[in-house]
Amino acid sequence: MTRLGITAEDQALADAVARYATEAIAPLASDIDAHERSATCHVPGLAALGVMGMNLPERWGGPGVMPTAMLLSLVEISRACAATSSMIGAHYLGTDAVLIGGDDDQRGRYLPRAASGEWLAGFALTEPRGGSHPADLRTRAVRDGDRYRIDGVKHFISNAAEAKFLVVFARTDATAGARGVSAFIVDTDRPGVKVSAPEKLMGIRGGHAFEVAFESVEVPLANRLGDEGSGFKTAMKVLDNSRLDVAATSLGIAEAALAAALDWARERQVGGEALAGKQGIQWMLADMKLRLEAAWGLTMQALALRSAGQPFTLQSAMAKLYASEMVAFVADTALQIHGGYGFTREMPLERYVRDARILRIYEGSSEIQRNIIARIVLG
Ligand SMILES: CC(C)(COP(=O)(O)OP(=O)(O)OC[C@H]1O[C@@H](n2cnc3c(N)ncnc32)[C@H](O)[C@@H]1OP(=O)(O)O)[C@@H](O)C(=O)NCCC(=O)NCCSC(=O)CCS(=O)O
């Protein structure tokens, strides 16, 4: 379907990613899910297409494309395998943090090798005692001359076991709330970095997430991103971006679920008539399409503002909230249309439903998005 606001160049890139996703990613999606295999097996192929650095400008190793091309690519990847998209999203969280919060020395040391797929990145903000209110985080970074010593525990950190580096948010001032949080690039091979076994997840099972303990981990001053106390704002800016990646994942799963439901409705015969001939099914399909298109609209609006360099916190929160709730409805309704077959693991519908569930939770739950929206509209 033609969408306004997409250039021929963006579309051509997304089409190349779509071909790769269909040929190389989709055939492995069910196996990755069933055996909880890491979706990082796709990193070399994705890097060759420029996807691992699509959030980065050419100067730092990216292909230098607009955010729209990146979003369309994530939609295509999610249509094939949401776990792969989630793994890429976590990589973008880490590299966006270096791009946004770092200086040119840090960008030069880390970003080109992340864009080439040689190094995987992650983003360590969430802690076991809470993820929704990161201003309360307890991980500490204590300065000692030209280095910091980091102690604390982070939870649900995607990519951690395979990441070359994590951007870790830690408290440098115990009394300053959000203004007491600083961000650090931590190489995961530093002594004292301990990564747990992967969590047992309901969905996106190939997007592995871990608890990571930091036990007196020494980090050079040269790896602090920005000034002391600037880490919270860096995290918030990164999350403005990443919530659109979650919207893209939602769109991709929903596109796949709707396509499956349409095929099934056309082919499945009940009482000598295709399901598609029944008004009850038609109304389900109409509601799915309606909500999917509304989510596209909100996402493209947020992207247009982001591309224009304008504030888009509100639009990003609305796109993430609406798209992640939309895909829950679309995936569940697609499964319903498939009846008992949709409930089997022979078909991808149950995977779509499971994969979609996290999208209402991570990178700010639906409730957090509502808080952000309400705060902004109330002024
Ligand atoms: C809901 C929250 C936004 C509320 O935050 P706070 O109330 O604690 O902080 P504020 O007072 O609003 O802001 C403090 C400070 O930061 C500035 N700020 C806030 N938002 C932005 C922004 N979007 N861009 C730039 N700056 C921002 C604000 O102006 C203040 O600055 P001053 O001090 O006044 O100068 C927040 O708690 C929130 O977003 N919570 C959700 C956290 C979340 O999404 N966690 C998920 C982590 S990542 C993940 O889940 C995936 C991990 S992975 O897959 O490995």
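Residues numbered from 1 in each chain as written. Predicted model: local features only at pLDDT ≥ 70, side-chain atom pairs only at ≥ 80, totals over all residues. Heavy atoms only, no water.

- Under an unreviewed UniProt entry, the name given to the protein chain is Acyl-CoA dehydrogenase family protein, and the source organism is Variovorax ginsengisoli.
- Its UniProt record, at the heading Cofactor (unreviewed entry), says of the protein chain: "FAD".
- In its Sequence similarities (unreviewed entry) section, the UniProt record describing the protein chain reads: "Belongs to the acyl-CoA dehydrogenase family." (UniProt positions renumbered as here; feature names shortened; annotations may be inferred.)

## As for the site of the ligand
Thought 1: Of all residues adjacent to the ligand, which total 26 residues, the nearest are Ser-132, Ser-158, Arg-179, Lys-233 and Arg-375.
Thought 2: The contact in question runs from a nitrogen atom of the ligand to an N or O atom on the backbone of Gly-131, over 3.4 Å.
Thought 3: Between Arg-179 and the ligand, the recorded distance is 2.6 Å, taken from a side-chain N or O atom to an oxygen atom.
Thought 4: Out of a free accessible area of 1100 Å², the ligand has 77% covered by protein chains.
Thought 5: If you map the ligand onto the pockets, it falls in the largest pocket.
Thought 6: Within the residue set of the shell around the ligand, elements represented by two or more residues are β3 (147–158), α6 (231–267) and α10 (366–378).
Thought 7: Considering each element in turn, the shell around the ligand owes the most residues, 7 residues, to α6. (Near = heavy atom within 4 Å. Polar contact = N/O pair within 3.5 Å; in protein donor to acceptor, adjacent residues only side chain to side chain. Areas by Shrake-Rupley, 256 points an atom, 1.4 Å probe, with all protein chains shown as cover. 1 Å grid on protein atoms, 1.4 Å probe; cavity = no way out; pocket = protein on both sides within 12 Å on 5 of 7 lines; lining within 4 Å. Sits in = over half its atoms within 2 Å of the grid points. Helix = DSSP H or I, 4+ residues; strand = E, 2+ residues; numbered from the N terminus.)

## Re empty space enclosed by the protein
Thought 1: Under the criterion given, the structure shown has 2 cavities of 30 Å³ or more.
Thought 2: Considered as a void within the structure, the largest cavity measures approximately 50 Å³ in volume.
Thought 3: Ser-38, Thr-40, Met-87, Leu-120, Asn-159, Glu-162, Gly-206, Gly-207 and His-208 are the residues that line the largest cavity.
Thought 4: When grouped by side-chain class, the residues that make up the lining of the largest cavity number 2 nonpolar, 6 polar and 1 charged.
Thought 5: Mapping the lining of the largest cavity onto the domain boundaries places at least three of its residues in each of domain 1 (8–115) and domain 2 (121–230).
Thought 6: In this model, the second largest cavity occupies a volume close to 30 Å³.
Thought 7: Every residue lining the second largest cavity is listed: Ala-29, Asp-33, Cys-81, Ala-83, Ile-204, Arg-205, Gly-206, Arg-351 and Asp-355.
Thought 8: Its residues assigned to classes, the lining of the second largest cavity comprises 4 nonpolar, 1 polar and 4 charged. (Points joined across faces, edges and corners; volume = space filled by probe spheres on them. Nonpolar A, V, L, I, M, F, W, Y, C, P; charged D, E, K, R; others polar. Domains from an automatic or database assignment.)

## Describing the pairing of β3
Thought 1: Sheet topology note: the strand β2 (residues 140–144)/β3 ladder contains 5 bridges and is antiparallel. Bridged to Arg-140 within β3 is Asp-151.
Thought 2: Counted along the chain from β2 to the antiparallel partner β3, the turn is 2 residues long, and its residue Gly-145 has a positive phi close to 70°.
Thought 3: For β3 and strand β7 (residues 209–220), the ladder comprises 9 bridges, and the chain directions are antiparallel. Opposite Arg-149, over in β7, you have Glu-218 as the bridge partner. (Pairing = 2+ DSSP bridges.)

## Some remarks on the UniProt feature "domain: Acyl-CoA oxidase/dehydrogenase middle" (unreviewed entry) in the protein chain
Thought 1: UniProt tags residues 122–217 as "domain: Acyl-CoA oxidase/dehydrogenase middle" (unreviewed entry).
Thought 2: Taken end to end, residues 122–217 has its terminal C-alpha atoms 17 Å apart, with 0% of it in helix and 48% in strand.

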